[in-house]
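Here's the letter readout for the chains.
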Amino acid sequence: MKIDITGLLSTENLIEDRRAEMGLSLVSSRMGEFPIKKKLPFTLHLENQGNRRLLVSGETDVTVAIPCGRCLEEVPVELHLTVERVISLEDAESNEDSGEDGAELAADGFLDIDRMLYDEVMLAIPMNVLCREGCKGICRVCGVNLNHTSCSCDRTVLDPRMASIQDIFKQCKEV
Ligand SMILES: [Zn+2]
Ligand SMILES: [Zn+2]
C-alpha cells in the first residue's frame, strides 16, 4: 500500500507513527518467485528531520514460502524485516521511478510501503533453505521426492560429488 505523507513532508520536525499494511503477496526475483504467506501490520515511524530529509523506520515480520534447496518443497520461512532509511526529498522529486534512492517516495507525497518492504524481503531471504536437516532431496533419475518415497534407481554415478568430478574430466578432455 501507499500512504499519504504530504502533511508530514510540509512540516519540519514533525514526527508521526503510522500503521500500514503490506500489500505484496508475492516477491519475484532472479532467484524465483516467493509467495508471502503471512504478514503483520507494520508500524512506521516517520520523522521530518528538516533540511529536506525524511527518516523512515519500522519493523515487521513476514512469512515467505521458499523452496527447499534439495527437494524444492515449499518451506515457510519467517523473516524479520527492519526498515531504517533517510530519504532525501530532493532525490524523491527528481528521480521518480528510476529505482534509485528515494524512489519509494513519489513526487505526489505518497510513500510506497510495498516497494520499501520488497527490498527488505529480497535482502532477508536466506540462500540455502532446507525443509529439514538431512533432506534427502529429489532422485536425479526419476524425480521422486526421496523424503516421501524411495525408488530403485541407480544413482551412484549421479552422486553430485561424482558428477562434479565427471565434469572436471569432461573439461580436461575438451581442452
Ligand atoms: Zn527438502
Ligand atoms: Zn529414482
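Each value, and the rule that gives it
Residues numbered from 1 in each chain as written. Chains lettered and ligands numbered in written order. Predicted model: local features only at pLDDT ≥ 70, side-chain atom pairs only at ≥ 80, totals over all residues. Heavy atoms only, no water. Helix = DSSP H or I, 4+ residues; strand = E, 2+ residues; numbered from the N terminus. Buried < 20%, exposed > 50% of the residue type's maximum accessible area, 1.4 Å probe, protein only. Lys, Arg positive; Asp, Glu negative; His and termini not counted. Salt bridge = Lys/Arg side-chain N within 4 Å of Asp/Glu carboxyl O. Contact = heavy atoms within 4.5 Å. Polar contact = N/O pair within 3.5 Å; in protein donor to acceptor, adjacent residues only side chain to side chain. Donors = N, O, S within 2.8 Å, 3.2 Å for Na, K, Ca; no water. Tetrahedral: all angles 85-135°; square planar, octahedral: opposite > 155°, others 65-115°.

### Focus: the side chain of Asp 112
Argument step 1. Counting through the fold element by element, Asp 112 comes out in strand S8 (residues 110–112).
Argument step 2. At 4.2 Å, Lys 2 is the nearest oppositely charged side chain to Asp 112, a buried residue that forms no salt bridge.
Argument step 3. Contact partners of Asp 112, with chain neighbours within four places excluded, come to Met 1, Lys 2 and Glu 104.

### As for the side chain of Asp 114
Argument step 1. Structurally, Asp 114 is set in helix H3 (residues 113–124).
Argument step 2. No salt bridge is formed by the buried Asp 114. Its closest oppositely charged neighbour is Lys 39, at 7.1 Å.
Argument step 3. Here Gly 23 takes part through its backbone nitrogen, which lies 2.7 Å from a polar atom of the side chain of Asp 114.
Argument step 4. Discounting residues that sit within four places of it in the chain, Asp 114 has contacts with Met 1, Glu 21, Met 22, Gly 23 and Leu 24.

### Thoughts on unusual backbone geometry
Argument step 1. Here Asn 51, not a glycine, exhibits a phi torsion of approximately 55°, which is positive.
Argument step 2. In this fold, Asn 51 is placed in the loop between strand S5 (42–50) and strand S6 (53–67).
Argument step 3. Positive phi, close to 60°, is recorded for Arg 52, a residue that is not glycine.
Argument step 4. Here Arg 52 shows up in the loop between S5 and S6.
Argument step 5. Residue Arg 52 is classed as partly exposed on the basis of its relative accessible area of 33%.

### Notes on the coordination of the zinc ion (ligand 2)
Argument step 1. Every protein donor of the zinc ion (ligand 2) is accounted for by Cys 139 (SG), Cys 142 (SG), Cys 151 (SG) and Cys 153 (SG), and the metal-donor separations fall at 2.2 to 2.3 Å.
Argument step 2. Coordination at the zinc ion (ligand 2) is tetrahedral, judged from the four donor atoms that bind it and the angles of 106 to 111° they form at the metal.
Argument step 3. Read from N- to C-terminus, the donor residues coordinating the zinc ion (ligand 2) fall into the pattern C-x2-C-x8-C-x1-C. Here Cys 139 is found in the loop between H3 and helix H4 (160–174), whereas its partner Cys 153 is found in the loop between H3 and H4, with 14 residues between them in sequence.
Argument step 4. Taking the relative accessible area as the measure of exposure, Cys 153 reaches 24% and is therefore partly exposed.

### Description of the coordination of the zinc ion (ligand 1)
Argument step 1. Of the protein atoms, only Cys 68 (SG), Cys 71 (SG), Cys 131 (SG) and Cys 135 (SG) coordinate the zinc ion (ligand 1), at distances of 2.3 Å.
Argument step 2. Here the zinc ion (ligand 1) is ringed by four donor atoms whose angles at the metal span 107 to 114°, and the overall shape comes out tetrahedral.
Argument step 3. Positions of the donor residues of the zinc ion (ligand 1), expressed as sequence spacing, correspond to C-x2-C-x59-C-x3-C. Of this pair, Cys 68 sits in the loop between S6 and strand S7 (74–88) while Cys 131 sits in the loop between H3 and H4, and the two are 63 residues apart along the sequence.
Argument step 4. When its relative accessible area of 25% is taken as the criterion, Cys 131 is described as partly exposed.

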